[in-house]
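# Breakdown of the fold
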Amino acid sequence: MPENLGEKLALVGIGKIARDQHLPAIGANPDWSLEATVSRHGTVEGVEHFTDIDALLETRPDITTVSLAIPPQPRFDYAAKALKAGRNVMLEKPPGQSLAECYALEALAKENGVTLFATWHSRYADCVPDLKAWVSSRRIERLQITWKEDVRRWHPGQDWIWAPGGMGVFDPGINALSILTEILPYPVHVTAATLEFPENRDTPIAAALTFADPTGADMSAVFDWRQEGPQTWDIDIETDGGTAKLSLGGEKLEIDGELVKQGANHEYANLYARMASLLKAGESDMDLSPMIHVCDAFSLGRRAVTDPFHF
Ligand code: NAP
């Protein structure tokens, strides 16, 4: 039996994703011991609570890993403080609000000899490794990402997502891009984008991207936050050896119209297992390829103004 790490962890930002996913995943993994939380308003019963990260870092030197489940805008300051204090850091996606922030964190982790993990939870969905293996022996002819959801349902009242650095519809869209960059055997790049901004908001509510594929495949993505009713998180692929459909954000895989796998949600359990293995190996994982596509879409994107958005 492998030895449990018994790693002492602090969880920062007791909000939606912390409660929905991080707390159950930490609680179920014996490698982790949740010792403290940092949140200005939220607490977890029975766990020591801090309202600012400085107090945590000063008074609990025994806590060696800090997991940040806060929005991207404040994340750099929290992560930089934790890394400078010699703590290992796990970053919710996206790993920062700009690429330069991410590179600076990577450098800080190296300087301080600690582990830094840019988590991409969708990559850890059950069917992503199966799709990656299937794609690896085929030539892609066409790939279409369709990520359409209802922002009012998934992000109720979250103003940060509409503020600069919040990324708007790329907040879920980057999940699709994290799967794309995981399954493709080679890099692609964005060649054009259209971004629809509500006239009263600073981030897009919808986006359409096209990619250049070095083998000539037709590759594109549409992200839209205005979809009511059934929600769509699909990647459709046509190859020289059949078709694949990944749906439910990576939980379901069909090949040539036949269901080959229907998984369940193990994404955050897999993320905390991965962080434990990075610590054991003394390594970091800071793949920024999904973030590069988002930054390029903002750089190349044609801006269109659309109806105002109100919660
Ligand atoms: P959230 O509930 O709005 O925020 C999480 C917590 O962060 C808040 O409860 C708040 O706690 C703290 N926070 C908010 N603004 C802050 C600020 N300016 N400075 C310091 N702390 C602040 O957001 P969330 O949905 O959990 O998302 C957090 C991150 O997880 C995002 O990067 C998101 O992309 C990612 N994520 C979310 C989901 C999802 O389904 N919601 C899924 C996967 C990943 P206090 O006010 O108590 O400090």
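Residues numbered from 1 in each chain as written. Predicted model: local features only at pLDDT ≥ 70, side-chain atom pairs only at ≥ 80, totals over all residues. Heavy atoms only, no water.

### Focus on the domain arrangement of the chain
For the chain, the domain assignment lists domain 1 (7–119) and domain 2 (123–263 + 295–306). Put simply, the middle of domain 1 and the middle of domain 2, counted by C-alpha atoms, are 27 Å apart. Taken together, the two surfaces of domain 1 and domain 2 that pack against each other cover about 880 Å², and 63% of this comes from carbon and sulfur. If you sort the residues of domain 1 by the area they bury against domain 2, Lys16, Gln73 and Lys93 come out on top, with a joint share of 47%. At the surface where domain 1 touches domain 2, the tally comes to one salt bridge. With a closest N to O distance of 3.5 Å, Lys93 and Asp171 form a salt bridge. On inspection of domain 1 and its partner domain 2, the count reaches three residue pairs in polar contact (both at pLDDT 80 or more). Of the residues assigned to the side of domain 1 that touches domain 2, the class counts are five nonpolar, three polar and two charged. (Domains from an automatic or database assignment. Buried area = accessible area lost by both parts, 1.4 Å probe. Salt bridge = Lys/Arg side-chain N within 4 Å of Asp/Glu carboxyl O. Polar contact = N/O pair within 3.5 Å; in protein donor to acceptor, adjacent residues only side chain to side chain. Nonpolar A, V, L, I, M, F, W, Y, C, P; charged D, E, K, R; others polar.)

### Digging into the sheet that holds strand S5 (residues 88–91)
In space, the six strands of this open sheet follow the order S3-S2-S1-S4-S5-S6, with parallel pairing throughout. In the strand order of this sheet, the two ends are held by strand S3 (48–50) and strand S6 (116–118), each with one partner. Within the sheet, the average angular offset between the axes of one strand and its neighbour, ignoring direction, is 25°. Relative to S5, strand S4 (residues 65–68) runs parallel, the two being bridged by four bridges. Across the sheet, residue Thr65 finds its bridge partner in S5, namely Asn88. Most of the contacts of helix H8 (residues 267–281) go to S5, to which it runs at about 150°, and overall it touches strand S1 (7–12), strand S2 (32–38), S4, S5 and S6. (Pairing = 2+ DSSP bridges. Helix = DSSP H or I, 4+ residues; strand = E, 2+ residues; numbered from the N terminus. Axes fitted to C-alpha atoms, helices over the stretch in contact; angles between N-to-C directions. Contact = heavy atoms within 4.5 Å.)

### Quick look at the pairing of S5
Here S5 shows no split at all, with Asn88 and Met90 on one side and Val89 and Leu91 on the other all buried. In the classification by handedness, the crossover that spans S4, the intervening helix H3 (residues 72–84) and the parallel S5 is right-handed. Bridge count between S5 and S6: three bridges; the pairing is parallel. Pairing of Met90 across the sheet is with Phe117, part of S6. Crossover handedness for the path S5 to helix H4 (residues 99–112) to S6: right-handed. (Buried < 20%, exposed > 50% of the residue type's maximum accessible area, 1.4 Å probe, protein only. Right-handed = clockwise from strand over helix to strand, strands pointing away.)

### With respect to unusual backbone geometry
Cis geometry marks the peptide bond from Lys93 to Pro94, where omega comes out at -15°. Mapped onto the secondary structure, Pro94 falls in the loop between S5 and H4. Even without glycine at this site, Leu248 takes up a positive phi of about 55°. Among the structural elements, Leu248 can be located in the loop between strand S12 (242–247) and strand S13 (252–255). The phi dihedral of Asp256 is positive, around 50°, even though this residue is not glycine. Take Asp256: it is sitting in the loop between S13 and strand S14 (258–262).

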